[in-house]
Amino acid sequence: MRSSLLWSRLSLLCLATAELVTSSSSRDGKPNFVFIITDDQDLHLGSMDYMPLTRKHLGKQGSFYSKHYCTISICCPSRVSLLTGKAAHNTNVTDVSPPHGGYTKFISQGLNDKYLPVWLQEAGYDTYYTGKLMNGHSTTTWNKPLPAGWNGTDFLVDPGTYIYWNATFQQNQSPPAPAPGQYNTDLVREKGLGFIDTVAKTSKPFFVGIAPIGPHAEYTGSPPFTKPVGAKRHQNLFLNAKAPRTNNWNPDKPGGASWISKLEKLNDTVIGFHDEWHVGRLQSLQAVDELVDQVVRRLEKYDLLDNTYIIFTSDNGFHIGQHRLQPGKTCAFEEDINVPFYIRGPNVPKGKTVDVVTTHTDIAPTLFELAGIKLRNDFDGQPIPVTSKAIEQQKKNKKRDHVNVEFWGRGIEEGKFGLNAPNNTYKAVRIVGEKYNLLYTVWCTNEHELYDMTKDPGQLNNLATASKWRSLVLNQPISKLRTRLDALLLVLKTCKASSCTDPWSVIHPKGDVVNLEDALANKYDDFYAKQPKVSFSKCELGQILSSEEPLEGNSYHGSELWPHWV
């Protein structure tokens, strides 16, 4: 009798195990994806130090990419670039609101059927999303039309997106409804976990996007922004924390260019306000940290963890007091463009920090490669190396050293001391190699910035001023270096597809120049001296190409100059 009962129990156990294995493995041989994106999270102000669960699950059990960048430091355009694999100058979504940005611009540009969830569905994936999709996705636009490509949704919609305790959600095809008395991030967490419960019962591979608003400022639809709000259980934490006094925080001398160079030094009242703002950010991130923990545990519960890639990042970075700036983003400074990026999953090295240069436009191509989907030929990015072998191969490829950075329109300064910043339009290139670490920016005012970030990581010493013209960088006169950077930036500011990932081949079609170091050879001096320079005729609020001429430069063919078109 006992033997019969034992065998009966063993049979049930084997059957249950077989069902569980079937649930996790019979997904067409494709991996699953859980994509978690925060809003305005810094990398350089230490916010990850306050997220121990995320570092435990994704840092120790996955890889951290220290040189990951957004290519435009503002919410909606950055998210659209991430979801399409295209730079903002190619999506033409360049702002958070009409006429140059927001959800309605995303729709008018024909992108609703040309972005990640649609492509994943075509490849056999079930796709789900909860939280913030993009600015302007609102109570009046949510179904004009519905965002395409999703099997299930629970979107945060404006004007309730950024309200921590009275958010507005829109589920599937139902009208938007308020969620009073419930904490925004906790709701997003529960809806994300609910989607994981749903996909655990299916046999198809899945993508689940989870997008909490933390640590974004609270915003009710009319100025000013107010500090982020933590869940009640976290509101007594970190009360003595201060906005990090980095070496470029509230400097004695103004720096930068354009309107930033005219900012006044922060006084004690403003500094105290900034410290409170920073505390709010840290408190709001605690619920996000718990969200990551619960996602990992839920995947583990269903035996899905080993076949699932979990990606954690932010749409853009953030500054508080650096360069005398009020809380905000939109600049080309490292605080604003260098963002957290973690990945955990099959064959991803554990506990590794990777210093390969990567960007948000690389994320869609990365998911394609991991899912075995043929890459689109119009991607402006390329797959991120995620295995040890791929990482080592990429380090040997000296082509991957640059990031195209761009912005149009007014800068955004948050909080009651923020101003309606003047036009903040610029084009920039962030370039990192074995022997160089530079940021070069051309403003719409035709002012220039150049920082050697090996010697000046805080970007306080602008080398593009007249007084520094004869200084040396890389043992080369700055005047010579700038001709190369101008030529590179001229390609990147209108690049498409391969010209974004391999811009030097546009300038040197023979393939004998693959990076900045090669381009600095003396034999190219005359060629680069004759290249057109990046410039603007007007500061616009969006992408108006007639104000951004010239749009093309020359290619090197020995003694001849041939025009190149990107």
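Residues numbered from 1 in each chain as written. Predicted model: local features only at pLDDT ≥ 70, side-chain atom pairs only at ≥ 80, totals over all residues. Heavy atoms only, no water.

> Lay out empty space enclosed by the protein with the relevant residues and their values.
Considering all chains together, one arrives at 3 cavities of 30 Å³ or more under this definition. By volume, the largest cavity is sized at about 180 Å³. The wall of the largest cavity is formed by 19 residues, among which Thr359, Thr361, Asp380, His402 and Cys500 lie closest to the centre. Among the elements of the structure, strand S12 (358-359), strand S13 (402-407) and helix H13 (498-501) are those that each provide at least two residues to the lining of the largest cavity. The element contributing the most residues to the lining of the largest cavity is S13, with 3 residues. When the residues that make up the lining of the largest cavity are grouped by side-chain class, the tally is 5 nonpolar, 9 polar and 5 charged. The computed volume of the second largest cavity comes to approximately 90 Å³. In terms of lining, the second largest cavity is formed by Phe35, Ile37, Arg79, Leu82, Leu83, Leu116, Tyr129, Leu133, Trp150 and Phe207. Sorting the residues of the lining of the second largest cavity by element identifies strand S1 (32-38) and helix H3 (75-84) as the ones contributing at least two each. Tallying contributions element by element places H3 first for the lining of the second largest cavity, with 3 residues. Tallied by class, the residues present in the lining of the second largest cavity amount to 9 nonpolar, no polar and 1 charged. (1 Å grid on protein atoms, 1.4 Å probe; cavity = no way out; pocket = protein on both sides within 12 Å on 5 of 7 lines; lining within 4 Å. Points joined across faces, edges and corners; volume = space filled by probe spheres on them. Helix = DSSP H or I, 4+ residues; strand = E, 2+ residues; numbered from the N terminus. Nonpolar A, V, L, I, M, F, W, Y, C, P; charged D, E, K, R; others polar.)

> Kindly report on unusual backbone geometry, identifying the contributing residues and their values.
With omega at -10°, the peptide bond leading from Lys144 into Pro145 counts as cis. Of note, Pro145 is situated in the loop between strand S4 (126-132) and strand S5 (152-156). Omega for the peptide link from Gly214 to Pro215 comes to 0°, which places this bond in the cis form. For Pro215, the location among the structural elements is in the loop between strand S8 (206-211) and helix H8 (268-301). If you check the backbone angles, Asp40 has positive phi at about 70° while not being a glycine. Its location among the elements puts Asp40 in the loop between S1 and helix H2 (52-59). The backbone phi angle of Asn172 is positive, close to 50°, even though this residue is not glycine. Within the secondary structure, Asn172 is located in the loop between strand S6 (166-171) and strand S7 (177-180).

> A description of the sheet that holds S6 should follow, citing residues and the corresponding values.
Ordered in space as S7-S6-S5-S4-S8-S1-S9-S10-S2-S11, the 10 strands form an open sheet in which the pairing is mixed. Either end of the sheet is taken by a strand with one partner, and the two such strands are S7 and strand S11 (352-354). If you compare each strand with its neighbour and ignore which way they point, the axes differ by 20° on average. Across 3 bridges, the pairing between strand S2 (residues 63-65) and S11 is parallel. In the sheet register, Tyr65 faces S11, and the bridge partner there is Val354. Helix-sheet contacts for H2 involve S2, strand S9 (308-314), strand S10 (341-344) and S11, and the interaxial angle to S10 is about 50°. (Pairing = 2+ DSSP bridges. Axes fitted to C-alpha atoms, helices over the stretch in contact; angles between N-to-C directions. Contact = heavy atoms within 4.5 Å.)

> Report on the layout of surface pockets, specifying residues and quantitative values.
Volume-wise, the largest pocket comes out at about 800 Å³. What lines the largest pocket is a set of 39 residues, and nearest its centre among them are Val96, Ser97, Tyr219, Phe225 and Ile412. Each pocket or cavity is described by its volume, and for the second largest pocket that value is around 380 Å³. What lines the second largest pocket is a set of 18 residues, among which Lys395, Arg400, Val432, Gly433 and Glu434 lie closest to the centre.

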